[in-house]
Amino acid sequence: MPVIEELIRAEQDGTISFGNYTLGAKAKKSDFEYKGDLYKVKTYSEITKLERNDMFVYESVPGTAAEHFKVTDTAVEFLVEGGRDAQITVQLENDTDYEVYVDDMAVGSMMTNMSGKLSVSVELEEGKAVKVSAVKRQ
């Protein structure tokens, strides 16, 4: 999976891709319009952050590239690649229980906090994409 040279782009399958963990200096792109929302991405080797309408959506430390990022009422899923292991935080529903999967293997149930943030550590190696998903438990 290559880095996202244009920093953020819309995919033909209705998802977005963003991030470039190979950059040595911070880069950002604002006012990327997609499905009626405005997105902003900030990315480089140390952090990747995505906002929608000035609200937090995604953050990784260190920086990553996320492809086919999709959020629904019950789940979030994406492919992620980075140069080293990363801590990824996504915005979901407040105080809600999610089952988290990495490469389609369940890694456990996690509860979002009062602000709806869910964090997961992912083992990454450059050139190899890892699928991450969190599905709301009923």
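Going by the structure above, here's the rest.
Here's what I pulled together on the structure shown here. Computed from a predicted structure; not experimentally measured. (Residues numbered from 1 in each chain as written. Predicted model: local features only at pLDDT ≥ 70, side-chain atom pairs only at ≥ 80, totals over all residues. Heavy atoms only, no water.)

Examining the pattern of salt bridges
Thinking step 1. Summed over the entire model, instances satisfying the criterion amount to nine salt bridges.
Thinking step 2. In this structure, the salt-bridge partner of K136 is E93, at a minimum N-O distance of 2.6 Å. With K136 in strand β13 (residues 130-136) and E93 in the loop between β9 (86-91) and β10 (97-102), the pair connects residues that are 43 residues apart, well separated along the chain.
Thinking step 3. Assessed through its relative accessible area of 37%, E93 is described here as partly exposed.
Thinking step 4. Here R137 ties to D97 by a salt bridge, and the two come within 3.3 Å at their closest N and O atoms. Within this pair, whereas R137 is found in the segment after β13, its partner D97 is found in strand β10, the two being separated by 40 residues in sequence. (Salt bridge = Lys/Arg side-chain N within 4 Å of Asp/Glu carboxyl O. Helix = DSSP H or I, 4+ residues; strand = E, 2+ residues; numbered from the N terminus. Buried < 20%, exposed > 50% of the residue type's maximum accessible area, 1.4 Å probe, protein only.)

Side note on the side chain of E99
Thinking step 1. For E99, the position within the fold is in strand β10.
Thinking step 2. Within the local environment of E99, its side chain forms a polar contact with the side chain of R137, the two groups lying 2.6 Å apart.
Thinking step 3. Excluding its chain neighbours within four sequence positions, the residues that come into contact with E99 are A106, G108, S109, S133, A134, V135 and R137. (Polar contact = N/O pair within 3.5 Å; in protein donor to acceptor, adjacent residues only side chain to side chain. Contact = heavy atoms within 4.5 Å.)

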